[in-house]
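# Structural description and commentary
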Amino acid sequence: MTQSPGQGNALDNLLTESRTFPPSDEFAAQANAQPALYEEAKADREAFWAKQAERLHWDTKWDQVLDWSDAPFAKWFVGGKLNVAYNCVDRHVESGHGDQVAIHWEGEPGDSRAITYAELQREVSKAANALTSLGIGAEDRVAIYMPMVPEAIFAMLACARVGAMHSVVFGGFSAEALRTRIEDSSCRLVITTDGQYRRGNPAPLKPAVDEAVAGAPSVEKVIVVKRTDTEVAWTDKDVWWHELVDSQSDQHTPQAFDSEHPLFILYTSGTTGKPKGILHTSGGYLTQASYTHNYVFDLKPDTDVYWCTADIGWVTGHSYIVYGPLSNRVTQVVYEGTPNTPNEGRHWDIVQKYGVSIYYTAPTLIRTFMKWGADIPAKYDLSSLRVLGSVGEPINPEAWIWYRENVGGGKAPIVDTWWQTETGAIMISPLPGVVSTKPGSAQRPLPGIGAKVVNDEGVEVEHGGGGYLVLDEPWPSMLRGIWGDEERYKDTYWSRFGEQGFYFAGDGAKYDADGDIWLLGRVDDVMNVSGHRISTTEVESALVSHPTVAEAAVVGASDETTGQGIVAFVILRGGAGADAGGADAIKALRDHVAKEIGPIAKPRQIMVVPELPKTRSGKIMRRLLRDVAENRTVGDVTTLADSSVMDLISAGLQSGKSED
Ligand code: PRX
């Protein structure tokens, strides 16, 4: 099942791409990062991280920087105490910046709201008092299922303030996906909205919560923010945000929690059907989120306007909308909606309106902008942009160059940032002003971070060689485990290179001749669709839960816009009926997956096949299915139990009726 790293386009690009873009003298001179940062970290890693932790306010200073004695369970800044929300909000008000805008919120229909740090402090305090009034306190779990409205950020910070853990579930996930996540961590409270704006129209959100909560007995209350004013059903667990929160006092004294106090759980797909609840704690996480946000984006809090286009449902929204930026006293744009509402120039309109200077987005969106045409950004004044970022998947050099030319005016440095839900914060990225950037490469570990490309034996490969990406030193914002499953944590990340003690990231990577790192995509059964992780097994389980499907195999096939697209091969049940392979039935299957997991997991294509290629031990050979899905000549079939299966599949496909 393991895919060899370096297959497909990524490697071809890598072989031909040799351009580099040195920083301008002007940028380098004013940059937060200077070359000595690398030397400083190398000279004494722990002292370096201790210095970064000084960026924060600690109520009690730590006694020990790192305790790795219980590896792979790390403790950072041991004995230290802090309040994460105080660090993101109150201390900026106390230092005289209460009138600075923290969030320029832009609603999809065109409504907007400027929220200063003083106002943010009042809103978060009220929400924290509301949580306390419901009996929510330290280590309780709170599910947040919301679109990009300001209350989502208030809710996250309110949880952090009272020491409760939030579990944000992306608003595009289904009721069933929400229910399993609520259940896994026994959430006592859910915070949601009545509806959300999507492509210009209000769409209901609360019905999914009602369905999820009906099957999740741990939930005692549901707080509902009124956003779209859609009529919603009401249960005795429900309470309106504007009734509960707005009646609270706007004064709240934050309490300091231990550096290792849990901050949040965020579910992400792994190689099995069950999502993993990735656990992050307080002091180390906030230190690295703050440090990376400052240096990687070259943030100047007094003059920059920053915009990260991610959703808070993903880790990028946690670390680079909420915790990193707010801890650095950013002024940022938060946008609620889709990039083509009311037209395809919406992002550039927002950049122009607020004078955005730092813009952080995903390659899938850049490729979409490319498709829409360079004439669209050309209509706007984008001259305020001075740093551009990319995250979520490998960015192909064409998209990188397009981004630089058409968005960055041919001069803004691009930081291609590699990291994961598990790493909590950026790990590999060029530092703008220091490193000459290369289109398509994330380049080098940040100061203080250890990353390597190794072969199957865990030995570092030579420059020019490919293999697996590992992290060879513990880092402050590393996950502290998988919620409720210590063994799965050890197995998933620490067993592959257990002997060497390396964290296995699941990504293929390669060094170029200069020793810079190029990411080559996942090497396990995790797909990356528009920068979102979806496991093949999860989609397979959804398919076989449909009454007409006997067996299913899912692969990620390369896709021009989304990076990978989901392609499913299904065997129908004997009694499924003559129409079960028809267009309507295939559509019903795609809709079924959307209902089970969410629209992002909807297969791009479903092929009905008579058999699946299996090894003698019964393992599905996805490599061969990937060949079919990507229209390649089918590879080596000698390990198949029945080598004629691939002929059957190909013959079935030629009949033409199996494609959606
Ligand atoms: O495969 C890598 C890819 O996204 C995975 C992590 O996904 P997730 O936990 O959802 O977090 C995404 C946002 C941090 C990685 O294992 N990935 C992320 N950033 C990059 C990337 N692949 C290549 N280049 C990147 N810059």
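Figured I'd write up the structure that's included with this text. (Residues numbered from 1 in each chain as written. Predicted model: local features only at pLDDT ≥ 70, side-chain atom pairs only at ≥ 80, totals over all residues. Heavy atoms only, no water.)

With that settled, consider the sheet that holds strand 18 (residues 358–361). Strand order in the open sheet formed by 7 strands is 5-4-17-16-18-19-20, and the pairing between neighbours is mixed. At either end of the open sheet lies a strand with only one pairing partner, and these are strand 5 (112–116) and strand 20 (414–417). Adjacent strand axes in the sheet meet at a mean angle of 20°, parallel and antiparallel pairs treated alike. Pairing analysis gives 2 bridges linking strand 16 (residues 306–308) to strand 17 (residues 332–335), with the strands arranged parallel. Within strand 17, the residue paired with Tyr306 across the bridge is Gln332. In the packing of helix 7 (residues 117–133) onto the sheet, the strands contacted are strand 4 (101–106) and strand 5, and the crossing angle to strand 5 comes to about 90°. (Pairing = 2+ DSSP bridges. Helix = DSSP H or I, 4+ residues; strand = E, 2+ residues; numbered from the N terminus. Axes fitted to C-alpha atoms, helices over the stretch in contact; angles between N-to-C directions. Contact = heavy atoms within 4.5 Å.)

Right, let's get into the site of the ligand. Near the ligand lie 17 residues; those nearest to it are Asp416, Thr417, Thr421, Asp507 and Arg533. Separating an oxygen atom of the ligand from a side-chain N or O atom of Arg533 is a distance of 2.8 Å. Within the shell around the ligand, the residues separate by chemical class into 6 nonpolar, 6 polar and 5 charged. (Near = heavy atom within 4 Å. Polar contact = N/O pair within 3.5 Å; in protein donor to acceptor, adjacent residues only side chain to side chain. Nonpolar A, V, L, I, M, F, W, Y, C, P; charged D, E, K, R; others polar.)

The next subject is helix 15 (residues 363–372). Residues spaced three or four apart along an α-helix face the same direction, because each turn holds 3.6 residues. Within helix 15, 7 of the 10 residues are buried, leaving the element largely enclosed by the surrounding structure. Regarding helix 15, the residues found buried are Pro363, Thr364, Leu365, Ile366, Arg367, Thr368 and Phe369. Gly373 sits one or two positions beyond helix 15 and adopts a positive phi of about 110°. (Buried < 20%, exposed > 50% of the residue type's maximum accessible area, 1.4 Å probe, protein only.)

As a packed pair, helix 8 (residues 150–162) and helix 13 (residues 315–327) sit with axes 12 Å apart at the nearest point and diverge in direction by 60°. In terms of axis orientation, helix 8 runs oblique to helix 13. In this structure, helix 8 crosses over helix 13, and the sense of that crossing is right-handed. Taking contact as the criterion, the partners of Ile153, Met156, Leu157 and Ala160 in helix 8 are, on helix 13, His318, Ile321, Val322, Tyr323 and Leu326. A breakdown of the residues in the contact of helix 8 with helix 13 according to their chemical character gives 8 nonpolar, 1 polar and no charged. (Parallel < 35°, antiparallel > 145°, perpendicular 65-115°, else oblique. Left-handed = near helix turned anticlockwise from the far one by under 90°.)

With that settled, the discussion passes to helix 6 (residues 90–97). Along helix 6, the residues classified as buried are Asp90, Arg91 and His92. Buried-residue contacts for helix 6 involve helix 5 (84–88), helix 7, helix 8 and helix 13.

A word on the pattern of salt bridges. Across all of its chains, the model carries 46 salt bridges by this definition. Note that Glu422 and Lys276 form a salt bridge whose closest N and O atoms lie 3.7 Å from each other. Taken together, the residues span a long stretch of sequence, with Glu422 in the loop between strand 20 and strand 21 (451–454) and Lys276 in strand 15 (residues 276–281) at a distance of 146 residues. Just as Glu422 is buried, Lys276 falls in that class too. Members of the salt-bridge network, linked through shared partners, are Arg113, Glu119, Glu123, Lys126 and Asp246. (Salt bridge = Lys/Arg side-chain N within 4 Å of Asp/Glu carboxyl O.)

These figures come from the coordinates and say nothing about function on their own.
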